[in-house]
Amino acid sequence: VDRLSMLGFLVPTLVPLIERFSLEGGEHSTAMTVMVALFLLFIALNATRVERSFRENILLRIEAVGRERALQEALDLLRKIADRVPGVVYQFRLRPDGSSCFPFASEATRELFRVSPEEIREDASREFANCHPDDLAALMESIQLSARNLTPWHHEVRSKFDDGTVRWLF
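About the criteria used
Residues numbered from 1 in each chain as written. Predicted model: local features only at pLDDT ≥ 70, side-chain atom pairs only at ≥ 80, totals over all residues. Heavy atoms only, no water. Helix = DSSP H or I, 4+ residues; strand = E, 2+ residues; numbered from the N terminus. Buried < 20%, exposed > 50% of the residue type's maximum accessible area, 1.4 Å probe, protein only. Contact = heavy atoms within 4.5 Å. Phe/Tyr/Trp six-rings, centres within 6.5 Å; stacked < 30°, edge-to-face > 60°. Pairing = 2+ DSSP bridges. Patch = residues over 30% accessible without salt bridge, like charges linked within 9 Å, V, L, I, M, F, W, Y side chains within 5 Å. Areas by Shrake-Rupley, 256 points an atom, 1.4 Å probe, with all protein chains shown as cover. Salt bridge = Lys/Arg side-chain N within 4 Å of Asp/Glu carboxyl O. 1 Å grid on protein atoms, 1.4 Å probe; cavity = no way out; pocket = protein on both sides within 12 Å on 5 of 7 lines; lining within 4 Å. Points joined across faces, edges and corners; volume = space filled by probe spheres on them. Nonpolar A, V, L, I, M, F, W, Y, C, P; charged D, E, K, R; others polar.

Regarding unusual backbone geometry
Working step 1: Phi at arginine 114 takes a positive value of approximately 60°, unusual for a residue other than glycine.
Working step 2: Among the secondary structure elements, arginine 114 is positioned in the loop between helix H3 (108-112) and helix H4 (117-120).
Working step 3: Judged by relative accessible area, arginine 114 falls into the partly exposed class, the value being 34%.
Working step 4: Even without a glycine there, the phi angle at leucine 150 is positive, about 50°.

In structure tokens form, the structure reads like this:
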């Protein structure tokens, strides 16, 4: 819908109607002439508003696609960098309900923690299941302390895997 298309349709349709009513004369015809002219004006103004709205929406979508593309490129770059550094690069999120997740984790989680980044993206419990039972309480307390004080988190912990392997991690 745009102004020109709308006018190209309505003007040939309504102008002869306006002309007919105005030529007939009389109170009723004059009222109808005014009503049709006002209707034409209303439609023209509304088409202008709709056209502007469509243009704004299209521009917003184009900007959103650009931002999404830039965000994806940044995430791809972060993954490339994270996959080349020693250790694990991750983002840990502690939720208000006490649950946690790793929204971002590098591929090294597969080797070091024996879980995939996808497995812990929404729920970190799979990662904490590998924590040595003797270390779990201290690990959780260190996370809570870091969250309360808004300080960087550091902790040394043992991971114990199903095959009996124990690995110290910092």
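Once you've had a look at it, read on.
Re the side chain of arginine 158
Working step 1: Along the polypeptide, arginine 158 turns up in strand E3 (residues 157-160).
Working step 2: Its relative accessible area of 19% is what places arginine 158 among the buried residues.
Working step 3: If we ignore the near neighbours within four places in the chain, the residues touching arginine 158 are Asn130, Cys131, His132, Asp134, Asp135, Val166, Arg167 and Trp168.

A word on the packing of aromatic side chains
Working step 1: Summed over the entire model, instances satisfying the criterion amount to three aromatic pairs.
Working step 2: The interplanar angle of 75° and the centroid separation of 5.5 Å between the aromatic rings of tyrosine 90 and phenylalanine 102 together place this pair among those described as edge-to-face. Of this pair, tyrosine 90 sits in strand E1 (residues 90-94) while phenylalanine 102 sits in strand E2 (residues 100-105), and the two are twelve residues apart along the sequence.
Working step 3: Given a relative accessible area of 36%, tyrosine 90 falls into the partly exposed group.
Working step 4: Here the aromatic rings of phenylalanine 92 and phenylalanine 128 are separated by 6.1 Å at their centres, their planes lie at 80°, and the arrangement is edge-to-face. With phenylalanine 92 in strand E1 and phenylalanine 128 in helix H5 (residues 125-128), this pair connects stretches of sequence that are 36 residues apart.
Working step 5: In this structure phenylalanine 128 comes out as buried when scored by relative accessible area, which is 13%.
Working step 6: Here the aromatic cluster, defined as three or more aromatic residues joined through ring pairs, consists of Tyr90, Phe92, Phe102 and Phe128.

Quick notes on the pairing of strand E4 (residues 166-169)
Working step 1: With four bridges joining them, E3 and E4 adopt antiparallel strand pairing. Bridging from a neighbouring strand, arginine 158 pairs with tryptophan 168 of E4.
Working step 2: The loop that links E3 with its antiparallel partner E4 comprises five residues; one of these, glycine 164, has a positive phi angle of about 90°.

Description of a nonpolar patch on the surface
Working step 1: A cluster of nonpolar side chains, Val34, Met35, Leu38, Leu41 and Leu45, forms an exposed patch at the surface whose accessible area comes to about 490 Å².
Working step 2: Structurally, valine 34 is set in helix H2 (residues 27-82).

Focus: the layout of surface pockets
Working step 1: If you add up the space inside the largest pocket, you get close to 470 Å³.
Working step 2: In this structure, the largest pocket is lined by 23 residues; those nearest its centre are Tyr90, Phe113, Trp153, Leu169 and Phe170.
Working step 3: Residue assignment for the lining of the largest pocket shows that the elements contributing at least two residues are E1, E2, H3, H5, helix H6 (136-149) and E3.
Working step 4: A class-by-class count of the residues in the lining of the largest pocket yields 16 nonpolar, six polar and one charged.
Working step 5: Empty space within the second largest pocket amounts to approximately 180 Å³.
Working step 6: Tyr90, Phe92, Leu94, Ile143, Ser146, Ala147, Leu150 and Trp153 together form the lining of the second largest pocket.
Working step 7: Elements represented by at least two residues in the lining of the second largest pocket include exactly E1 and H6.

Treat this as a map of the structure, not an account of what it does.
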